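Next come the chains, spelled out residue by residue.
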Amino acid sequence: MKDLYVENDLTYKVADDKLFSGQAQNVRKNGHLVYEEYFDNGKLTKSITYYNGTEKPTPARETEYYSDTQTKRKETNYGLDKPTTEYKHFDKSGKKTLIEQYENDKLIYRCEYQKNKKHGIEYCLNNDGTEMRIEYRNGKKVKKK
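Described in the following lines is the structure provided in the data block. (Residues numbered from 1 in each chain as written. Predicted model: local features only at pLDDT ≥ 70, side-chain atom pairs only at ≥ 80, totals over all residues. Heavy atoms only, no water.)

## As for the nonpolar core
Right, on to step 1. Counting residues in hydrophobic clusters, the biggest one holds 6 residues: Leu4, Phe20, Ala24, Phe39, Leu44 and Tyr65.
Right, on to step 2. Discounting residues that sit within four places of it in the chain, Phe20 has contacts with Leu4, Thr11, Tyr12, Lys13, Phe39, Asp40, Asn41 and Gly42.
Right, on to step 3. Counting residues in hydrophobic clusters, the runner-up holds 5 residues, among them Ile99, Tyr109, Cys111 and Cys124. (Core = buried A, V, L, I, M, F, W, Y, C linked by side-chain atoms within 4.5 Å. Buried < 20%, exposed > 50% of the residue type's maximum accessible area, 1.4 Å probe, protein only. Contact = heavy atoms within 4.5 Å.)

## A short note on the environment of Thr84
Right, on to step 1. Here Thr84 shows up in strand E8 (residues 84–90).
Right, on to step 2. Through-space distance from the C-alpha of Thr84 to that of Asn104 is 6.4 Å; in sequence the pair is 20 residues apart.
Right, on to step 3. Beyond its immediate stretch of four places on either side in the chain, Thr84 contacts Asn77, Tyr78, Gly79, Tyr102 and Glu103. (Helix = DSSP H or I, 4+ residues; strand = E, 2+ residues; numbered from the N terminus.)

## Remarks on the layout of surface pockets
Right, on to step 1. Each pocket or cavity is described by its volume, and for the largest pocket that value is around 170 Å³.
Right, on to step 2. Looking at the largest pocket, it is lined by 13 residues, and the ones nearest its centre are Val6, Thr11, Phe39, Leu44 and Gln70.
Right, on to step 3. For the lining of the largest pocket, the leading source of residues is strand E1 (residues 4–7), giving 3 residues. (1 Å grid on protein atoms, 1.4 Å probe; cavity = no way out; pocket = protein on both sides within 12 Å on 5 of 7 lines; lining within 4 Å. Points joined across faces, edges and corners; volume = space filled by probe spheres on them.)

## Here we look at a positive patch on the surface
Right, on to step 1. Taken together, the side chains of Lys95, Lys115, Lys117 and Lys140 present a region of like positive charge at the surface.
Right, on to step 2. Mapped onto the fold, Lys140 is located in strand E14 (residues 140–144).
Right, on to step 3. Classification of Lys140 by relative accessible area gives exposed; the value is 61%. (Patch = residues over 30% accessible without salt bridge, like charges linked within 9 Å, V, L, I, M, F, W, Y side chains within 5 Å. Areas by Shrake-Rupley, 256 points an atom, 1.4 Å probe, with all protein chains shown as cover. Salt bridge = Lys/Arg side-chain N within 4 Å of Asp/Glu carboxyl O. Lys, Arg positive; Asp, Glu negative; His and termini not counted. Charge placed at Lys NZ, Arg CZ, Asp CG, Glu CD.)

## With respect to the pairing of strand E2 (residues 10–13)
Right, on to step 1. Sheet topology places E1 next to E2; 4 bridges connect them, and they run antiparallel. Within E2, the residue paired with Tyr5 across the bridge is Tyr12.
Right, on to step 2. Hairpin connection between E1 and E2: a loop of 2 residues separates the two successive antiparallel strands, and Asn8 in this loop has a positive phi of roughly 50°. (Pairing = 2+ DSSP bridges.)

## Considerations on the packing of aromatic side chains
Right, on to step 1. Scanning the entire structure with this criterion turns up 3 aromatic pairs.
Right, on to step 2. Geometrically, the ring pair formed by Tyr5 and Tyr12 is stacked, given 5.4 Å between the ring centres and 20° between the ring planes.
Right, on to step 3. Owing to a relative accessible area of 27%, Tyr5 belongs among the partly exposed residues under this scheme. (Phe/Tyr/Trp six-rings, centres within 6.5 Å; stacked < 30°, edge-to-face > 60°.)

## What to know about the side chain of Glu37
Right, on to step 1. Mapped onto the elements of the fold, Glu37 is located in strand E4 (residues 33–40).
Right, on to step 2. Buried charge Glu37 goes without a salt bridge, the closest partner of opposite sign being Arg61 at 12 Å.
Right, on to step 3. Among the polar contacts made by the side chain of Glu37, one reaches the side chain of Tyr35 at a distance of 2.9 Å.
Right, on to step 4. If we skip the residues at most four places from it in the chain, Glu37 touches Met1, Gly22, Gln23, Ala24, Leu44, Lys46 and Ser47. (Polar contact = N/O pair within 3.5 Å; in protein donor to acceptor, adjacent residues only side chain to side chain.)

## Here we look at the pattern of salt bridges
Right, on to step 1. This structure, assessed with the given rule, holds 12 salt bridges.
Right, on to step 2. With its nearest N and O atoms 3.9 Å apart, the salt bridge here joins Arg61 to Glu75. Placement of the pair is Arg61 in strand E6 (residues 59–65) and Glu75 in strand E7 (residues 72–78), with a sequence separation of 14 residues.
Right, on to step 3. Here Glu75 falls in the buried class, since its relative accessible area comes to 5%.
Right, on to step 4. Overlapping salt bridges bring together Arg61, Lys72, Glu75 and Lys88 as one network.

Structure, rendered in structure tokens:
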């Protein structure tokens, strides 16, 4: 990361002032990988943040970006203590469009968004295993199913 700089939302190599393509990492003095970013022709395409203190690098969050706007396209959060994964999807203006949560690869929550407001069917799996569905329109609850 120290060998790069950003100008006009593009990333360049300090050594030759050329647009950077490849992987850049932030590593602590003790060798712990903290963060890494991936670039294609100076544009950020993906970033990964790692959990602290694990022996091998374990991803905590992975973010993918739209290549033309470099805004978030998809954010994936990983659980450390139990096998949980959360996906957040965004449109090109950075507004949420969908959130999904999985535990042991089984869908436990899903909700669509429009203009950052719940819009559509919100699905959740309760602790006792029963399914619940609530319909939303422009952020307002319409009915339970």
